Amino acid sequence: MAIHILGISAFYHDSAAALIKDGVIVAAAQEERFTRIKHDHAFPVHAVSYCLQTAGIEPEQIDFVVFYDKPLLKFDRLLETYLSYAPLGIRSFLMAMPLWLKTKLHLPREIRKALKNRYHKKIAFTGHHESHAASAFFCSPFEEAAILTLDGVGEWETAAIGHGRGNKIKLLKALHFPHSVGLLYSAFTYFCGFKVNSGEYKLMGLAPYGKPKYTDVIMDHLIDLKEDGSLAVNMKYFNYCQGLTMTNGEFDRLFGGPPRKSEENITQREMDLAASIQQVTEEIMLRMAKTAKELTGSKYLCLAGGVALNCVANGTLLRSGIFEDIFITPAAGDAGGALGSALFVHYQLLNQNRDAPKKDSIRGSLLGPSYSNSEIRNFLDQQKVKYTHFEKEEELLRVTAREIANKQVVGWFHGCMEFGPRALGSRSIIGDARSDEMQCQMNMRIKFRESFRPFAPSVLAEDAGKYFDLDRESPYMLIVADLKKEHWNELSEEQRKLMKHSDLRKRVNVSKSSLPAITHVDMSARVQTVDEPRHGRYYRLIAEFKRQTGCGVVINTSFNIRGEPIVCTPQDAYRCFMCNDMDVLILENCVLRKSEQSRVDESDCQRHMDSFELD
Ligand SMILES: [Fe+2]
């Protein structure tokens, strides 16, 4: 009899469910994709039901349900932190209480209720960092590896070093709340005017515009960083234990004024702060990685936890050569904990055999729902939408590649939706990376997001070394590498001046390379390598684009607008397409052109856009 294990993460951010059958991943998805609420933290009812449906089982047929952390220990941290700051933290404490009393402290009841009271077996709870560690190691191609997990906070742990061998992992060392590299990074995210637990990625993207002039201030005042990578945060400057903000007045004084308000102009201060905290984070990660190497003697490293989504730091770590190779799990944040906890039960608790896979076992992270051509055509016909259906894939790819080469912005919807925060070629917006205007155009008119944000390239795996200083695959877009020098443009005097302009749009628009749309201001790129076994049709699309243009690189950005979760269904995709300046939409084998569609109802679009809170 097959063993089905359902893993769940919920109630913090990025709720998700994952289902494995005999250790093989059947399905995994984040709740936000179904509810259309970004980072939805509610119990993942929809994701659970999608997982069961995909496996073709009923709740009674699940053998184990496992939750990705230990809520009682978390509650213990909350109480103890409150008591040590009381009465200062009373407001945040009282705000947190209702959810704890109503649901979080009664999780078994909530889980059984969500499973329609049809699951009567055990519910397991794994440690938060155990779940992160398991999500990386058990999916990795390594038989044996060091493990490093870094995030804001789990129960008490904020980072852990572990060791994985065969079907077991062991955590060897941990850092405890409130001392946390994730919370430190989030504090700067907050101070620079971005949303905590969401805007960290923007701060990372902003860093190359600045100079790390505050690094010493951070090292001297905010943290005491030890040689082994452990750190003590000086709580005199922070408010996250007792208040509703991340930083306080002392922090403001240290950095010359109050936090930037969101939507205010980004000044040189924010750019320099971003560069500085990025440098500090990389230093912490390097030191922790060295300690992990010393403790385990491993050649390989597995990385997970929200901080592992910092692909700039991951690139630095890879190039440091501390480890021969690194596996970073694509759902490195808390959503991935759902999968990790299920794998933990399978291997660690049930002692099932594990043979390390040749590549990884996460199947390109394409673990979400897919939709057939007939479902899509039914929807389009019902809506009376004009489209062309291509029976043959070759023809579809020829047309799509031609549109991209003609500088059309293409919505690409194919196969199973991605698990984790990045779009990897199933729910992506694609453009021509060779175009000078594409970065600004896609930021402002397609995604409605900040102009400074760079786009990522998808490159044919076999061509990655031709374009980037990268000697291995990066299928999950989690490693930043420099564009090779031969693709850089010689800048004129005027362009050099523009590169220092206070208006970031001016800097973005300088044609820095032969692939300007994916080249960041420091000549780096967040590379996704695309291979046929993992990416199938997406690989063949880029290969066709290369056949037509000679260039094996396209822009790949997530299929959504600012504040919107990545699209899940054809309906989500169609709506997103109609409400921005995208030119072409590919829904499996159906091609929709904006120019052929009837005019959209502007107020309906406005309502749609307003329904997403800006992140
Ligand atoms: Fe976490």
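Above: the structure in question.
Each chain carries its own residue numbering, running from 1 in the direction its sequence is written. Under the rules for a predicted model, residues below a pLDDT of 70 receive no local features and side-chain atom pairs below 80 are neither given nor counted, while totals for whole chains, interfaces and linings still include all residues. To obtain the side-chain values, all non-hydrogen atoms of the structure were used and water was disregarded.

Draft legend 1. Representation of the overall build of the protein in the model. Secondary structure follows DSSP: runs of H or I at least 4 residues long count as helices, runs of E at least 2 residues long count as strands, and numbering of each begins at the N terminus. A count of helices and strands for the protein gives 23 helices and 21 strands. For a compact globule of 615 residues, the expected C-alpha radius of gyration is about 25 Å, and the protein comes in at 23 Å, within 12% of that figure. Overall, the C-alpha framework of the protein stretches about 65 × 60 × 50 Å when taken along its three principal axes. In this scheme, a residue with accessible area under 20% of its type's maximum is buried, one over 50% is exposed, and one in between is partly exposed, where area comes from a 1.4 Å probe on protein chains only. The buried share among the 615 residues of the protein stands at 62%. Contact between two residues is taken to exist if any of their heavy atoms lie within 4.5 Å; hydrogens are not considered. At a minimum sequence separation of 6, the contacts of the protein that also span at least 24 residues come to 72%. All radius of gyration figures rest on C-alpha atoms, and the globule criterion is 2.2 Å times the number of residues raised to 0.38.

Draft legend 2. Local environment of the sheet that holds strand 8 (residues 168–176). Taken together, the five strands give an open sheet; going across it, the order is 8-7-6-11-12, and neighbouring strands pair in mixed fashion. Looking at strand neighbours, the two that pair on one side only are strand 8 and strand 12 (325–328), the edges of this open sheet. Put simply, the sheet's adjacent strands are angled 20° from each other on average, direction ignored. Should DSSP find at least two bridges between two strands, the strands are taken to pair. Across four bridges, strand 6 (residues 144–150) lies against strand 11 (residues 300–304) in parallel orientation. Across the sheet, Ala146 pairs through a bridge with Leu301, a residue of strand 11. A fitted line through C-alpha atoms serves as each axis, taken over the contacting stretch for helices, and the angle formed by two N-to-C directions is quoted from 0 to 180°. Strand contacts of helix 12 (residues 311–320): strand 11 and strand 12, with the helix running at about 155° to strand 12, the strand carrying the most contacts.

Draft legend 3. Quick peek at the pairing of strand 1 (residues 4–9). Counted residue by residue, strand 1 has six buried out of six residues, so it is predominantly covered. Burial of strand 1 is two-sided: the residues His4, Leu6 and Ile8 facing one way and the residues Ile5, Gly7 and Ser9 facing the other way are all buried. Both strand 1 and strand 2 (residues 16–21) contribute to a ladder of six bridges, which runs antiparallel. The residue bridging His4 from the neighbouring strand is Lys21, located in strand 2. Here strand 1 folds back onto strand 2, and the loop between the two strands holds six residues, one of which, Phe11, carries a positive phi near 75°. The pairing of strand 1 with strand 4 (residues 64–67) spans four bridges and is parallel. Directly across from Gly7, in strand 4, lies its bridge partner Val66.

Draft legend 4. Region of interest: the sheet that holds strand 20 (residues 584–587). An order of 13-21-20-14-15-19-16-18-17 is seen for the nine strands of this open sheet, with the pairing classed as mixed. Pairing within the sheet leaves two strands with one partner each, and these edge strands are strand 13 (388–389) and strand 17 (479–482). Bridge count for strand 17 against strand 18 (residues 524–530) is four bridges, and the pairing is antiparallel. Residue pairing in the sheet places Val480 in a bridge with Arg526 of strand 18. Running over the sheet, helix 16 (residues 438–446) touches strand 15 (427–431) and strand 19 (553–558) and is turned about 135° from strand 15. Packing of helix 22 (residues 570–578) onto the sheet brings it into contact with strand 14 (410–413), strand 20 and strand 21 (590–593), and relative to strand 20 it is tilted by some 175°.

Draft legend 5. Summary view of the coordination of the iron ion. For the iron ion, every protein donor is listed as His128 (NE2), His132 (NE2), Asp151 (OD) and Asp334 (OD), and the spread of their distances is 2.2 to 2.3 Å. Relative to the metal, the four donor atoms surrounding the iron ion lie at angles of 87 to 173°, and the coordination shape comes out irregular. Sites may look incomplete because water is not among the atoms; the donors themselves are N, O and S atoms within 2.8 Å of the metal, or within 3.2 Å for Na, K and Ca. Positions of the donor residues of the iron ion, expressed as sequence spacing, correspond to H-x3-H-x18-D-x182-D. Pair noted here: Asp151 is in the loop between strand 6 and strand 7 (157–165) and Asp334 is in the loop between strand 12 and helix 13 (335–349), with a separation of 183 residues, a long-range link. Geometry is assigned from the angles between donors: four donors with all angles from 85 to 135 degrees make a tetrahedral site, four or six donors whose opposite pairs exceed 155 degrees while the rest stay between 65 and 115 make square planar or octahedral sites respectively, and everything else is labelled irregular.

Draft legend 6. Representation of the side chain of Asp272. Turning to its location among the elements, Asp272 is positioned in helix 11 (residues 268–296). Neither His nor the chain termini are counted; the positive set is Lys and Arg, and the negative set is Asp and Glu. Between Lys or Arg on one side and Asp or Glu on the other, a salt bridge is scored when a side-chain nitrogen of the former is within 4 Å of a carboxyl oxygen of the latter. Here Asp272 occupies a buried position and makes no salt bridge, while the nearest side chain of opposite charge, Lys213, is found at 4.1 Å. What Asp272 contacts, discounting residues up to four positions off in sequence, is Gly210, Lys211, Pro212, Lys213 and Tyr214.

Draft legend 7. Structural view of the packing of aromatic side chains. Think of it this way: a Phe, Tyr or Trp ring, Trp meaning its six-membered ring, pairs with another when their centres are within 6.5 Å, and the plane angle makes it stacked under 30 degrees, edge-to-face over 60, tilted otherwise. Under the criterion given, the structure shown has 21 aromatic pairs. Between Tyr209 and Phe452 the ring centres are 6.1 Å apart and the planes differ by 85°, which places this aromatic pair in the edge-to-face class. Linking Tyr209 in the loop between helix 8 (200–206) and helix 9 (215–222) with Phe452 in the loop between helix 16 and strand 16 (456–460), this pair joins segments that are 243 residues apart in sequence. Like Phe452, Tyr209 is buried. A centroid spacing of 5.6 Å and a plane angle of 65° characterise the contact between Phe238 and Phe251, whose relative ring orientation is edge-to-face. In this pair, Phe238 sits in the loop between strand 10 (231–233) and helix 10 (249–254) while Phe251 sits in helix 10, placing the two residues 13 residues apart along the sequence. The exposure classification of Phe238 matches that of Phe251, with both residues buried.

Honestly, it's all geometry; don't read function into it.
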